[in-house]
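Remarks on the overall topology
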Amino acid sequence: MSFIICDTISKTYGQGDACVKAIDEITFTVRSGEFVAVMGESGSGKSTLLSIMGAMNTPTSGRYLVDDIDVYALDGEKQADFRREYLGFIFQSFHLVPYLSVVENVMLPLTTTGHSRRVKEFMAHEALAWVGMADKAKRLPNQISGGEMERTAIARAIVNNPPVLLADEPTGNLDTRTSKTIMTLLARLNQQGTTIMMVTHSTACAGYAQRVLKVRDGLLIDTPNPAEAAACV
Amino acid sequence: MTLRDIAIKNLLRRKAKSTFILAGLTIGIATIVAVICFVDSTAHDINTKLEKYGANILIVPRTDSLALSYGGMSLGGVSFDVQPIRQTELAGIRTIKNAANIAAIGPVVLGTVTIGAAAASLAGVDFEAAGILKPWWKIDGESPGPAGVLAGAEAARILNLNVGQQVTIDGQALQVSGILAPTGSQDDHLVFTHLDTAQNLLHKPNQISIVEVAALCHDCPVDDMVAQIAEQLPSAKVMAIQQVVKGRMETLAHFKKFSYALSLVVVAIGGLVVLVTMMGSVRERTSEIGIFRAVGFRRSHVMRIIFMEAGLISALAGIVGYLTGVGGVLLGLKVFGKATAAIHMDPWLAVGALVMAMAVGLLSSAYPAFLAAGMDPNRALKTL
C-alpha cells in the first residue's frame, strides 16, 4: 500500500521563453516506513521535488497524495496543518531560529498545538534526549557545533512524531564522522517506522536508504537500488 | 513555548529596533497627552479665574441709546434716562429654574452727586453681595455701614478723601470708612455707599441701574440662566459677561485645534516609524518566517506574532507616553510659571493613550503582518 503518491508531477518556473521546467512529470510512490534517497546533480530538480513533497511548493500539474490526502487540494491553512501533523523537515543549513534556545527550537512545531507548556517541554526534552542533546537544551544555536545543530534540527523534526521525514542534504555541512552519527539517527528513526525522503549528494548517505530515486534535468531517470546508486552518481 | 514567547524573545533580541518603535510611538502619544493635559489645565485655570471674577451675568435696563462700559466690560445700552429696574422685581431672579447656581445678586444704583464742591459718581451697592462679586477688592479701612462711604482709589485721590474723614454728599454727612485699593477698573473712580443710602441721596427709591449676578457656572448653562432671568425681568436686558474670557477661550480653542492637528501629525509619524521598522523587521526575518511556516505555522499564527510584537510595544508606548506627557506638562507649567494651573489626572486619558497607542501600533503593523503571513514558505526558506 503506497503511503506517498507523486502522480505525474511537473513544476515550471517563469513564463514564455524564460520558462524552466524544474520537474517533468515525475511519478513514483513510497511505502509507509520506507527510506528513500533522492539523488541528482545540482539543479536537477531534487530540491524542488522535496519542496513539493513538503507542501510548500505547488506543482504546476500532477497530484501529490500522502495517506490518501490530496495535499495541494487543501487550502493554505490546511496545508500548514498538514505540514505540522505529517511532516518533519531537516534542512541542510539546520535552519534553527537564532534567538531561541535549543529546546525552544525543538518545541517550535508544538507551538501551535493545544498541548500544555509542560507537555511541550516534556516532548522536546524527550526528542533532545533521543538525539543525545539533552545536556545542551538551554544553549542558543550559536553556542553549539554544526553536528549538534543538525541533531537539534532532527529533534525538532521528530518532536511531534510525524509519519514522514523530509531531509534536504542533512549531512551537507558536516564532517564524515558527524555525518555518520546523523545518518545512524535517521536509520534508527526509519527502523521505528518513520518514512524518510532524503535528498543527498552523498553515496554513503544514500547507502542508508532502501531505495534511491535519481533525478536528472527534472526527470526521474531510474530507480536504482542503493548499491547501484553509488555507480550512478 | 507559545506565540507570545516568540514575540517577546524577538523583541528582546532586536532591542534597537524595538526601542526605535517604542520611541516613535511614545513621542506621538506623549505629545497628544501633553496637549490634552495642557489645554485641560489651561481651560480649568480660565474657568477658575472666571468664577473668581465674580459676576458673570449683568442685568441692565433695556435701551437703544448710549453705549457704556463698566468694569472694562461692555454693558450694551445703558442709559440713565431709561426706565430703571425696580428693586422689587429682583426677587424673581431667585425663582428661576437654575436658582441653585446663583451665588450672589448685586444690585447697583448709579448717579452723580456733589462731594464738597466736586461732582462724583456714586454707586449704591449691597456690600455683602459685593464681597462675592468683587473678591479682588482690598479695602484700606472698613466696609461702610449705612452712614459711610467707600471711595475708589482715584476718587479718593481726586476728592482728597481719607479714612475716617467726614464728607457731605448732597447735604448729607457721611463718613469715609474705607478706601479701595486700585483695581484698574471703573471702580477706582466711584464712591460707594449702601444701596438704600444711595437711593435716598440720588432720589431713586426702589430703583436699580445695574444688577450683577454671580452664577456658579463652571459647567452650568449660563445662556439658559440668562434666558430664565430675562423671562423674569422682561423690561431689562440680561446678558452673560463673556467678552472678558471670550478672547482667551477663542485663542485656546484655536490652540486646541492646532495642537490636536499637530499631535495627529506626530502620531502619524509615529505610525510610519512603526510601519517602516516592522516592514524592515519582516524582511529581515524572511528565513525565520519560512521556518515557522515549514514547521506548520498557519498564516494567522505568523500574523499573530507580528501583531503581538506590535501590541506589546504599543502598550508600553501608551503607558510611557502617558506618563511622559503628563510629566512634561507638569514640568512645563512649572518652568513657564503656571504653577497655579493644576493637572487633572484623568483615568480616561490614560486609557485613551493606551488605546490610541495600540490602535496606531496595530494598524501600522497590519501591512507588515499581512506581508509576513503571505510569504511563500518555499521562497522564504531559499533565502537561508
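Just so you know, these numbers come straight off a predicted model, no measurement behind them.

**Some words on unusual backbone geometry**
Backbone geometry places His-95 of chain A, a non-glycine residue, at a positive phi of 55 degrees. Assignment of secondary structure puts His-95 of chain A in the loop between strand S6 (87–90) and helix H3 (102–107). Positive phi values are uncommon outside glycine, yet His-203 of chain B reaches one of about 55 degrees. One can find His-203 of chain B in the loop between helix H5 (195–201) and strand S12 (207–208). Residue classification places His-203 of chain B among the exposed positions, given a relative accessible area of 67%.

**A closer look at the sheet that holds strand S1 (residues 2–13) of chain A**
Residue and element names in this part refer to chain A. Read from one edge of the open sheet, four strands run S2-S1-S4-S5, paired in antiparallel fashion. If you trace the sheet from one side to the other, it starts and ends with strand S2 (20–31) and strand S5 (69–70), each paired once. For strand S4 (residues 61–66) and S5, the ladder comprises two bridges, and the chain directions are antiparallel. Paired with Val-66 across the bridge in S5 is Ile-69. Seen against the sheet, helix H1 (residues 46–53) touches S1, S2 and S4 and runs at an angle of roughly 60 degrees to S2.

**Points about the interface of chain A and chain B**
Often, the extent of an interface is quoted as the loss of accessible area upon association of its parts. Listed as interface residues are 26 residues of chain A and, on the opposing side, 27 residues of chain B. Interface area, chain A with chain B, both sides summed: about 2,400 Å², of which 60% is carbon and sulfur. A per-residue breakdown of the area chain A buries against chain B is headed by Met-56, Glu-77 and Tyr-99 of chain A, which together make up 27% of the total. Viewed at the interface, chain B and chain A are joined by three salt bridges. A salt bridge links Arg-117 of chain A to Asp-5 of chain B, with the nearest nitrogen and oxygen atoms 2.9 Å apart. Taken together, the links from chain A to chain B amount to nine residue pairs in polar contact (both at pLDDT 80 or more). Taken together, the elements giving at least two residues each to the side of chain A that touches chain B come down to helix H2 (76–86), H3 and helix H4 (117–130) of chain A. Here the side of chain A that touches chain B gets five residues from one element, more than from any other, and that element is H2 of chain A. Looking at the side of chain A that touches chain B residue by residue, the class counts come to 13 nonpolar, five polar and eight charged.

**Things to note about a nonpolar patch on the surface**
All names here are of chain B. On the surface, a cluster of nonpolar side chains totalling about 400 Å² of accessible area is made up of Leu-316, Ile-319, Val-320, Leu-323 and Leu-354. A total of four residues in the nonpolar patch trace back to one element, the largest contributor, which is helix H9 (residues 299–335). Relative to the assigned elements, Val-320 resides in helix H9. The class of Val-320 is partly exposed, set by a relative accessible area of 32%.

**Side note on the pattern of salt bridges**
All names here are of chain B. Per the counting criterion, the structure on display carries 17 salt bridges over all chains. Two residues, Glu-212 and Lys-134, come together in a salt bridge whose shortest N-O distance is 3.3 Å. One end of the pair, Glu-212, is in strand S13 (residues 210–215); the other, Lys-134, is in the loop between helix H3 (127–133) and strand S7 (139–141), and 78 residues separate them in sequence. Of the two residues, Glu-212 and Lys-134, both sit in the buried class. Connected through salt bridges with shared partners, the residues Arg-13, Arg-14, Lys-17, Glu-284, Arg-285, Glu-288 and Glu-309 form a single ionic network.

**Observations regarding the nonpolar core**
Residues Leu-108, Leu-186 and Met-197 of chain A are the most contacted members of the largest nonpolar core, which totals 106 residues. Once you skip the residues sitting within four places of it in the chain, Leu-186 of chain A turns out to touch Phe-35, Ile-90, Ile-154, Leu-165, Pro-170, Ile-196 and Met-198 of chain A. If you look at the next biggest cluster of nonpolar residues, it comprises 42 residues, including Ile-93, Ile-105, Met-225 and Ala-236 of chain B.

Criteria and cut-off values
Residues numbered from 1 in each chain as written. Chains lettered and ligands numbered in written order. Predicted model: local features only at pLDDT ≥ 70, side-chain atom pairs only at ≥ 80, totals over all residues. Heavy atoms only, no water. Helix = DSSP H or I, 4+ residues; strand = E, 2+ residues; numbered from the N terminus. Buried < 20%, exposed > 50% of the residue type's maximum accessible area, 1.4 Å probe, protein only. Pairing = 2+ DSSP bridges. Contact = heavy atoms within 4.5 Å. Axes fitted to C-alpha atoms, helices over the stretch in contact; angles between N-to-C directions. Buried area = accessible area lost by both parts, 1.4 Å probe. Salt bridge = Lys/Arg side-chain N within 4 Å of Asp/Glu carboxyl O. Polar contact = N/O pair within 3.5 Å; in protein donor to acceptor, adjacent residues only side chain to side chain. Nonpolar A, V, L, I, M, F, W, Y, C, P; charged D, E, K, R; others polar. Patch = residues over 30% accessible without salt bridge, like charges linked within 9 Å, V, L, I, M, F, W, Y side chains within 5 Å. Areas by Shrake-Rupley, 256 points an atom, 1.4 Å probe, with all protein chains shown as cover. Core = buried A, V, L, I, M, F, W, Y, C linked by side-chain atoms within 4.5 Å.

In short, shape yes, function no, at least from these values alone.
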